[in-house]
Structure formats: C-alpha cells, structure tokens
Amino acid sequence: MSQLIPNTTPIRDFKGHGGNVRAVAVFPDMRRMVTGSYDKTLRLWDLETGVVLKKMEGHSSEVLTLAVSRDGQIIASADYKGKIIVWHGESLIQSIKAHFNWINSLDFSPDGTVLVSGSQDGMAKFWCTKTWQMQGRLVDCGYVNCVRHSPSGGLLAIATNDNIQIYNSGTREHIASFKGHTERNLSLVWTPDGTRLLSGGNNDDPTIREWDSLTWQQVGHPWNGHTQAGTGNIRAIAIDPTGTLVASASGDMHVRLWRLSDRQTIAIFKHSSPLSSVTFSVDGRHILSGGTHNKISEWAVPKDAHSKILAINTARDACITGDLPNAEELLSQDIHTDTNDYTSYAHRSFIMSRKHAWDHALEDAIKSISIQPSLIGYISKGIALCRKDHVREARAAFDVASMFTNQDSKATHFLLLIKAIALFNADQHEEAMLLVKELAAACPNADLLGCRVVETYLHVQLGTKALCHDEAADHFTAAVNTGALLSSLIHQIYEDLTMLFGWNLVALCLTAHQKRCQAFLLAGKPDKALEAYKYMMDTIDESAKASCLVWSNGKSAQECSALFVTNGDAALDVRDYDRPIDLYSAAITLNSASSIVFANRSKAKLGKMLWMEALLDAQKVIELDSLSYLGYNLKYAALHGAQRYDEAIQTFQTMLSKLDDAPDIQTQELRQQYLRPSEVERAIRWVIDAQLENAPLRVLDTTTGLLCDREAQISAFKTSTEYKELLSSTITHPDLDTKRIEEVVRRNLQFAMLSHRWEGREPLLQDIQGKSVYDSELDSVGGMKKLRSFCKTARDAGHNWAWSDTCCIDKTNNVELHESVNSMFSWYHHCALTVVYLSDVPPSSKSGSLAKSAWNTRGWTVQEFIAPKIILFFQNNWTLYLGDRTPNHKESVAIMQELKDATGIDRSAIATFRPSMNDAREKLYWASARVTTRQEDIAYSLFGIFGVRLPVDYGEKQDKALGRLLQEIVARSSDITSLDWVGKPSEFNSCLPASITSYQVPPCKLPVLPEDEMQSSVSSLRKTVAVDFASNLYTRLRNMSAPRFATQRLHLPCIAFNVREVRRVSGPAPGTQFTYRVKADGLRSLDITTEEFLVQFWPARPIERKFILVRPWDRSLLELPDFVEFVEPSDFGDNMESEEDDGMSPSSPSHDWSGDYPGKREVVDQESQAFRLLVRLGQPFSVILLAQQRSGEYKRIASDHDIIGQVNDVRDPMDIRTVEIL
C-alpha cells in the first residue's frame, strides 16, 4: 500500500475558544455544532456560516466533556470540578454537583431518558433527564475515562485506567470485564449495529482495538498507525453515519480516517498541536476535530472513501438519477467513438436491462465480453440472462465473473450480492435470500451492511408481492428489523446498486415503514399498526418525516387516521393514557388535525403529566378554535402542572371570560364550577391574618437571614410557589377548600422559636436590621454564631421563619415591647418548634446535664418550656441532647423525667396545661427559684402562664410587678392560694410577698379527713349541735362575697379570731427573728416566728393596737357542685383570659388554707352539708396574723413558716366578716 500523504489544510477553522477544545458534537438538524473548552465555556456554532450563535457560560472550571441528546433538544456539559450543567437549546436549566472530582465523559441513552457521567472519582452515575435526580444505584468501577451506550441502549461500556467494563444499562448488572489496552483505556465507540465496540489506548499503547459484542474477544489485530509522539493518547474515536468509516484523534497531532471493513487508514489529517476531540458531520462528508490549538478544524472526507466496484463513467450520474435515455445516449456516443470500449458496452447493458430491453442488454453484454472478458462484462450478462429467465446460464455467467475479482474479497462479496439480486429478479426468491444470509454468516468481517441493505430491499419486494396482508406485514417487519435502515447514507455507499438495478435507496427506509403500517391496518391489527407507526416516527429523519405528509393525504392513510382516533377515544375513556397519546399522534401525523384530536391528546398527556407537551397541544386547540374555552382550560391545566402558576392563572381568567361570553346556556353554566382568583385571594388573606394573630410581630427569614415584619412575611408568601399553586389549584373548584388553604398557610407561615440563656452581648434588632444574619460583616456581633446556628437548625427542620427574643423585638418601642411580653406565651404555644439551646451542656454530657444547666434557672424559660407543643434540646455544638432523636422531646420519657426532677413540674401537668389562674400557688412555686436579669421580668414571664394581660413598666421593680400580677389573680379568680407564702411582705400590699422566692417553700399539706371519720364526726355533732346553728353558719358563709382588690387594698372574706395575748417565747435568733406565743379567742394557742418586733400584751397588760388571726374564706369547703359548662378542647390565642373572668371561681381547687377533701360527691340536703362544714371547720387550717392600723385597716405580719390554727370548739360562735388589708 502506497504511503499516505497527510492533509494539512482544513476546509476551514472555527475560532473563538481561549483554551483546549476538549469536546465537540453536532446536532441532528445538520445546522449546528457545540464545543466545550478549557476556557470554561461552551460555544454554539452555525455550521453553514461558521459564526458563533451563542457563548454559553456557567461553568467555573475547565469544560472536559459534553453530549447532545439524540433529538438535539438537550446539551449536557461537565467540568473539572465535577459539575454537570444541563442546557435546553442555549439556556441553562439545571446545575448538578455530580461528582467530587473531574468528569471525563457524558453520554445520553438512545431514548434520551438517562444521562450517564463518568468521573476520576471512580464512579459512573445515572441521571434521570426529567427530574435530574440520580437514578438507581451508581457503578463503582475505578477511574473512568469514557462511557458509551450501545445503539440499542441495552448495554453500557465503561473505559477505565485498568480495564473495559460492560453493564446492563437498566439493571446495572455487570456483564463483562476485559483488559483492553496494555495501559489506560481512553476512548470508546460502538458500531451502529452494535456488533462491535472500538477502544483507543494511551501513548503506551496508541492503537485502536475492535471487540466482538457477543464474546468480548478482540477481533483481528490492533489498528496501528498512531504514534507515541506528543502525549500519544487516542482521546476520541468516532464512526461515520454509514458505520463504515472511523476517525480517531490523538495526542500525536493527527486524525486518522480508517475503513472499518479492512481496518486500513485511508486518510490522515495533520494538526499543529495535540488533539482531544473528533466527530463526523451528520451527512458523514466532513470530520470536525479540536484540541490544544484552541479551535475546531473541518476536513473533507475523501470522495473515494466509500469505494465503488463499478468504474465511474460519463453516464453514471444520469444512470443514478434515473435519466436512462440520456445515459443510453452518452454510452452510445462512447461506443461510437471507440468500438472496442468494452466497459461502455457493459454499462449500456445495465441501462437496457433497467429499460426491460432484455435482448438488447444481452447483446451488449456478449459484445463486451467478446472484446475483452471482464468482471463487469459477465455481471451484465448474468443480469440480462436472469431477466430473460435463463437462470442456469446466468449462474454460469456469475461464476465466470468471479474469476475477474483478482481474489479481492470485497469485490467477490459484492459480486455475490449482485448475483442474489439478479436471481431474485428471476423469481428465485428463496435461493436469493439464502445466498444473502449465508454470505453474511460466512463472511462476518465483510460488508455486513451491504448484506442487510440487499436483504431489506428483497423483503420489501416480497411484501409488495405478498398475496395476504399478514404475509406482507411479516416481510415489511423483517425489512425494518435488518438494521440497514438505521443508516441514513446507504444511498451514497451503495450507488452501484442504484446504477445496476434502479433501486431508490433514499426512499427505502420510508417505504418499508409505510408499507408495514398499511399492511398491519389492512390485516385488521390497529395496535400493531400503531406500534409500527411509532417506530417509524422514532427512526426516520426529519426529511423523511416531511415525506410522510404526502403519504398521509392518501385514502388508506385517512382510513388509518379515523381508526386511530376511534381507538384513542376508547383508551382515553379508561385512562390508559399511553395508548391514546400514540393513537392521536398517529392520527395527527396522518393529517387528521382537528381541534378535538389535539384536545384529547392534550388530555392524555395531562394524565401522563407531560406538561409541556400537553401545553403545545392546548395551544394548537386555541389556534384551531379560538372562541372555545376548552383550549384555555387545557392550557391552564398544563401550565399548572408545569408549575408556571402566574401564566396558569392568567390563562384561567381568559377561560372564564370565554365561558361568560359563550353563546349557549349549557356552556355558560360551566362557569359555576369555578371561582374567580380574586375570591380565592381574599379567602387566603383571611386565613393568613388569622394565622398571624398568634405569630410574632417580626421574624427572621431562615433562607435569606433577613428580619421581616408581618407584611414582608405576607409578601414573601404571596410570591412563593406554594401560594401560587394554592391559588391556581383552588380556583378550579366551586367551593373553597378551607382546610387545604389553612394547611398551606400554616405550613408556610409556621415558625420556630429560640429558648436560651442570654450571655453577655447578644445581637439586637438594630444590629441586624436591613442585613442578613448570614453576612460575614456581622461576624463581630456578639452571639451571632448562636443566632445563625439557630436559623440554620430551623431551616433544616423545614421552617421558613425563626424568632429570637434578642433581635426580633424593638425594645425601644414601648407599645411593641408591651405586646411582645403579653403575647410571648401564645407565640411559643403556636410555634411549630421551640429550639432550646443549652450553651453549658457539651456534647459529651451524660443524663442530668440538662437539669444542671443554667437554662433551668432562668425566669423566662418556664413558659418557654411549658407553652410549646414541640420542643427539642440542643447541646452547645448544636447536636441533640443525649443524641435523643425523638421528634418531640416532650415525648421523651428520659428527658421529661430529668426535667421533672429538676423543676418539680410533672409531665402530666404539662400535657394538659392551659393558661389560667387555677392552682396559682403551684405555678408560683414553679417559678420561685428562677432569676431574671431585669427583676420585673420574673412577674412579666408569668403573664402568659396565668393568662393575663397587664401593662409592662420596666423600672417598677419586682415588688410592684409581682404585686400587680397577684392582685389580678386574686381579684379575677378568687383563688387565695397565692396568699400562702413565707418571707417578707410586699410594699404593694402586705398580704402579698415582696419576692417570688417566698413561694419556694412547698405548699403546706394538712392531713385529709377520711370519709368514714367524716361520717362519724357528723353523727357526733348531730347529737350536740342544733340544726339551726349549723344551717345558719352554712348560710352565712355561703353568702360571703369573693375576695377583691381595690386601689391595692385587699378585701378578704374570712373567719376572724381576736388575739388576746402575745408573749415572746424566745429572744432574737441569729439574725432578727422572734418567736411569739399567740392566744386568740376560740383558737388553741400557737407559735409565730417573724422578723417584725411585736409589742407583748395579755389581758392583764392590754395595748391599744388590735391583732387578729384570720382564716381566709375558701368556698370549696361548702362542697358545692361544679357548674362549669363543658368546653371543647381548643387552642388558645394571644388574648388568653383565664377561666375565672366572672370574678368567682366556679370550682376553686382545694388548697392548704382549709385542708382538703377527697373528690366531689352528691350531698343529700343542706342540713348534711352544714354539718359536714362544721366538721371541716374543726380541722387544722392555715391562718394569717393581721395587725390593725390607725386608720382601721390591717396589715399582714409576715412569718418565716406556715401558721397552723385549730378552733377549740366548732359550737362556739364565729366572727365572719370581710377585712381590708393594706
């Protein structure tokens, strides 16, 4: 073989990139090319003009590879940092961080549903092209250089540094592995028929190797030609559309063009620098290559690359185009010029055979042989004899022709194909088909495509001549299944067959498919016809599809269309959406383009959630019938499904106007099925306002980190996808779906709240207003790390909004401060999550650390723990306390038990807690050991727990703040348990404590009288006490008014006992305390310890000042039935008023002022009640020592412990009155 001279002059260069052009691909439309470069860009080129249509930017590092989907709609590109960018046309639609390291290769599956990426990180990953999420399991295969799907899509080949691996594309099952090249395997390409896989090696083995896809054994010897010069790596391999030529690009700066059949180099294209990429043009006539010279060079494929057996002459073009008279005339002129021109005689013989002039054809063939026996002479004789049905003589002619092939296997192969065709034309169908199949089987390295082309043509002819439709369909199916029709350029490769027999190879593909569809229809098999039609439309190119329009105007095509529509309607009725889509598509292609067909196909596509495709059909419906509402209804549904809600709502309004303007009443009535967007917007706003009634005034956006007021929250929600979806979906119903509106609003406006301990400097509203908490400029603000972590924790938990008391309250605004303090309990109760941050609990802590945390000592944290429905405790590294992943730590038995032990708050009390003034003493006890930075806050932090709203006045001190709270409790609830304290009295009112710590002593628990003893005591009293006495006492006590406050004065109903003697028992203890023995009328003597100095007196030594011991009256002693109406369980809002708003407790709980009694019981009559009351009045009880002032009112003498009194005799008269206490 003569030495090839490298071509150094490309047709043209595509310049513009600023770095190595690592990737190139052409589009199916034959008009565009896309390239990817180390300059971090892609460029879209016009192949006709050579200009850049678009510079596509988006990568932040070098682009290493790209791929174009088979339909040309999607481009995928990948870079050095492991990122994939997906482009629709020239627009970026998706960015994926796909791998941890650079991505060397991308490839779309043939059906375009999957993109495979292969990376240096050793992984091949599969991406769904609809969702762009990873699909199925990845393949861990080692350093990946190249990934390629087989033409059928069933297999995936992966080239790695160590070997070549084959997988089942669908199941990821490993099929085979083989070494491949001696070193790295860099590039791969499949032959169009999928029977061979070609691979390229690196500079240690710069060869191409061919692998059999059945055995995965190497076929023949390596293809040698590339050298180790430069890098020597064969970076890219491409196969032309005919499947007969191969181009390889190497670091040796050459592109080599190979013929697949004999693995010989037929052309070399020399560049000025190492190469990285190569591909063929869609028509196979050009090669495009790129590399480190920063450009793409275009080279012409040599015209003789697809060698012809028959010599080229002046009449060839006319013969191929079918201009037989002109071809005959030209050849006759050649013969007239040279009567010994045997080739012209042979060629004219071919022409005469095509003109059915068999005798003339035979004469010319014999004349050619007589001048000089030759290959074409005997071929022409064999063809002519077959046409005259002289089959035996024709076989002899073809046998002799084989003597003139010079043992060229390619020529012999082609001769046998011609023989088979000639025999077929002589009606030797079985022999001809057998010869073709045997030839393909016996010579696997020969021209298999040629065999398939001939087999295809013969099946089409047999199908055309078939006597029944089923037989015809079988032949046309066999023609389609040969695989020859996958090549769009067979008419160029096999021009000899056109010249010899007049075959129209350009139309062969379309003819086979169309005739197959018709045969199935005529055979009464519409499903098979539809399947055949779909396969045709998926297989043929755009020019062939245009030819389908001509075919579709025929009568048989119209009948086919009607049948498709009928079957499509039936399938749509049963919601079998795939079938109607296919059936309607077939009908539309067959020129049945009514608005109803497009509308029904749109409905079917909506059923399959093919939103964009449904939208196109809806648009077509509008074009065909602009006055109908139907097209707009379908367009709305498609836009809604595609989440293009603004457009959907606008389209919906247009649809409503079409319904309003409809000429018929029936269509107008359809309007009643829908709501106007404005109606729904008003309903949503009402729900928003209701939701925000129990939300903070300001919150942090956990995504942006910005502080937002309520209007900003509403604005953010109304611009969100969720709001638009809600509006768009609700308008399609005649009635408002209030529950769904409430759910969507709640989900989007729900917020998380922080419970923590202030530590030094914390970020305030003024620090962050107008800034994002995530901004680095706020790094220096104290407490910012905690705030950021809280926002991220809330965001990770799925909450859009977060609240912290440090920065979400404008503490300079008294109105806002008042509202916040009074509403805070409600906010914590209605938040979706309360995050408790324990800054002093490290991650290594054990159980018990929460109980010891300073968080448990702060005043505000009582309500922050009790109020929320869901609470999570976090350690100081923002991990869950004790690693407890219970969704709600209020449901964690271990954590709740730890808190109960630390706080005394029982889990059951928390579970059923509602803000109220009942059991005030117990709630005061919860807070008694707590501290706050501002002393007034210890009272303010309890407003929500008791369900009261009071003014906030920082600077008033704890004494007054606590006094105002307790005054409100007593005045509104009549609950006097708050008077049970020890310590120093308040300046606000002496009956109230000066500090919350006065409630640290647990409530006094006096013994309960068992029921049997109660009954016994009642029986004894009946014997000694007159009924009138008991009844009168009962009536007087029942008619006592409730305790009340007026101008800081407590009007306390009570049973009073005049003190007649006070004697000091002991002198001052360490400190300033005195113990006195006190005797009062009707009471047993008792001791009192107090810090106050009391003047001693007794009957013989009286004083003017009057002292009394009082038993605050408790109506629960009357054992009255509970008249509280049953209240349905409901959430409480920010206007939390206690259950005792009428000023009288309907059922004051028993407490330690009176002893206790076991449960409620039905009392037979008032007489029994009266005697039971006497028994109770005789039991020990807590008393208060009061000292009368000059003005006649009293002040409480505080004691350091509970004062317990007991009457001498319940039969003695009792001083029942109301005393006024300062």
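Calculation rules
- Residues numbered from 1 in each chain as written.
- Predicted model: local features only at pLDDT ≥ 70, side-chain atom pairs only at ≥ 80, totals over all residues.
- Heavy atoms only, no water.
- Axes fitted to C-alpha atoms, helices over the stretch in contact; angles between N-to-C directions.
- Helix = DSSP H or I, 4+ residues; strand = E, 2+ residues; numbered from the N terminus.
- Parallel < 35°, antiparallel > 145°, perpendicular 65-115°, else oblique.
- Left-handed = near helix turned anticlockwise from the far one by under 90°.
- Contact = heavy atoms within 4.5 Å.
- Nonpolar A, V, L, I, M, F, W, Y, C, P; charged D, E, K, R; others polar.
- Phe/Tyr/Trp six-rings, centres within 6.5 Å; stacked < 30°, edge-to-face > 60°.
- Buried < 20%, exposed > 50% of the residue type's maximum accessible area, 1.4 Å probe, protein only.
- Lys NZ or Arg CZ within 6 Å of the ring centre and 35° of its normal.
- UniProt positions renumbered as here; feature names shortened; annotations may be inferred.
- Core = buried A, V, L, I, M, F, W, Y, C linked by side-chain atoms within 4.5 Å.
- Polar contact = N/O pair within 3.5 Å; in protein donor to acceptor, adjacent residues only side chain to side chain.
- Domains from an automatic or database assignment.
- Pairing = 2+ DSSP bridges.

## Some remarks on the packing of helix α23 (residues 677-692) against helix α24 (residues 710-718)
- Across the interface, α23 lies against α24 with an axial gap of 12 Å and an inter-helix angle of 140°. One finds that α23 runs oblique with respect to α24. Two packed elements cross with a definite hand, and for α23 against α24 that hand is right-handed. Contacts between α23 and α24 involve I684, R685, I688, D689 and L692 on the former and, on the latter, R710, E711, Q713, I714 and F717.
- Of the residues in the contact of α23 with α24, the class split is five nonpolar, one polar and four charged.

## Structural notes on the packing of aromatic side chains
- Using the criterion set out here, one finds 27 aromatic pairs in the structure.
- Centroid distance W803 to Y828: 6.0 Å. Interplanar angle 85°. Geometry classified as edge-to-face. Of this pair, W803 sits in strand β31 (residues 801-803) while Y828 is found in helix α29 (residues 814-830), placing the two residues 25 residues apart along the sequence.
- Classification of W803 by relative accessible area gives buried; the value is 0%.
- With 5.8 Å between their ring centres and 75° between their planes, F1074 and F1093 make a pair best called edge-to-face. A residue pair is termed long-range when its members are at least 10 positions apart, and F1074 in strand β36 (residues 1074-1080) and F1093 in the loop between β37 (1086-1090) and β38 (1107-1112) qualify at 19 residues.
- For F1093, a relative accessible area of 53% gives the class exposed.
- The rings of F178, W190, W211 and W216 are connected pair by pair, giving a single aromatic cluster.
- The aromatic ring of W258 is capped on one face by R256, whose charged end is 5.6 Å from the ring centroid.
- Sitting over the face of the ring of W981, R1196 holds its NZ or CZ atom 4.2 Å from the ring centroid.

## Quick look at unusual backbone geometry
- The backbone of R575 sits at a positive phi, close to 60°, despite the residue not being glycine.
- Within the secondary structure, R575 is located in the loop between α16 (555-573) and α17 (578-589).
- The class of R575 is exposed, set by a relative accessible area of 64%.
- Backbone geometry places W878, a non-glycine residue, at a positive phi of 65°.
- Looking at the element boundaries, W878 is found in the loop between β33 (871-874) and α32 (893-903).

## Focus: the UniProt feature "repeat: WD" (unreviewed entry) in the protein chain
- Under the present numbering, the feature "repeat: WD" (unreviewed entry) in UniProt falls on residues 14-55, 56-87, 96-127, 227-268 and 268-299.
- Across residues 56-87 one finds 0% helix and 59% strand; the C-alpha atoms that close the span lie 9 Å apart.
- The distance separating the terminal C-alpha atoms of residues 268-299 is 10 Å; by composition the span is 0% helix and 62% strand.

## Observations regarding the UniProt feature "domain: Heterokaryon incompatibility" (unreviewed entry) in the protein chain
- Listed under "domain: Heterokaryon incompatibility" (unreviewed entry) in the UniProt record, and renumbered for this structure, are residues 751-841.
- Span residues 751-841 is 37% helix and 14% strand, its end C-alpha atoms 25 Å apart.

## A look at the nonpolar core
- If you look at the biggest cluster of nonpolar residues, it comprises 225 residues, and the most contacted ones within it are I684 and F873.
- With nine residues, the top contributor of residues to this core is helix α7 (residues 409-425).
- Here F873 is in contact with V836, L838, L850, W855, F865, T879, L880, Y881, H889, I895 and L899, once residues within four sequence places are set aside.
- Counting residues in each nonpolar core, the second largest holds 45 residues, with Y1034, L1083, L1177 and I1197 among its members.

## Quick word on the environment of R761
- Looking at the element boundaries, R761 is found in the loop between β30 (751-755) and α27 (765-768).
- Residues R761 and A586, spaced 175 residues apart in sequence, show a C-alpha to C-alpha distance of 73 Å.
- Once residues within four sequence positions are removed from consideration, R761 is found in contact with D767, G782 and G783.
- A distance of 2.9 Å separates polar atoms of two side chains, one belonging to R761 and the other to D767.

## Structural notes on the packing of α17 against helix α18 (residues 595-607)
- Contact geometry for α17 and α18: axes closest at 9 Å, N-to-C directions at 150°. By the angle between their axes, α17 is roughly antiparallel relative to α18. Considering the relative orientation of α17 and α18, their crossing is left-handed. Judged by residue contacts, P580, I581, Y584, S585 and I588 of α17 engage V597, F598, N600, R601, A604 and K605 from α18.
- The residue inventory of the contact of α17 with α18, partitioned by class, reads seven nonpolar, two polar and two charged.

## Examining the domain arrangement of the protein chain
- Domain parsing of the protein chain yields domain 1 (15-231), domain 2 (335-442), domain 3 (562-674), domain 4 (753-913), domain 5 (922-1003) and domain 6 (1026-1123 + 1165-1221).
- If you average the C-alpha positions of domain 1 and of domain 4, the two centres end up 51 Å apart.

## Some words on the sheet that holds strand β21 (residues 234-239)
- If you trace the four strands from one edge of the open sheet to the other, you get β21-β22-β23-β24, paired in antiparallel fashion. Single-partner strands in this sheet number two, and they are β21 and β24 (264-270). In this sheet, neighbouring strand axes are inclined to one another by 20° on average, regardless of whether the strands run parallel or antiparallel.
- Inspection of the sheet shows strand β23 (residues 254-259) paired to β24 by six bridges, in the antiparallel sense. Paired with V255 across the bridge in β24 is F269.

## Brief notes about helix α25 (residues 721-730)
- Judged by how many residues are buried, α25 sits mostly within the fold: seven of ten residues are covered.
- Looking only at α25, the buried set comprises Y723, E725, L726, L727, S728, S729 and T730.
- Looking at the buried residues of α25, the elements they touch are α20 (630-641), α21 (645-660), α23, α24 and α26 (738-749).

## Brief notes about the pairing of strand β10 (residues 103-108)
- With six of six residues buried, β10 lies mostly within the body of the structure.
- Taken together, the five bridges between β10 and strand β11 (residues 114-119) define a ladder with antiparallel strand orientation. Each bridged residue has a counterpart across the sheet, and for I103 the counterpart in β11 is S119.

## Notes on the side chain of E762
- With respect to the helices and strands, E762 occurs in the loop between β30 and α27.
- Within the structure, E762 has its side chain in polar contact with the backbone nitrogen of E759 (distance 3.1 Å).
- Of the polar contacts made by the side chain of E762, one reaches the side chain of K786; its length is 2.8 Å.
- Ignoring sequence-local partners within four residues, the contact set of E762 consists of H756, R757, D767, G782, G783, K786 and T806.

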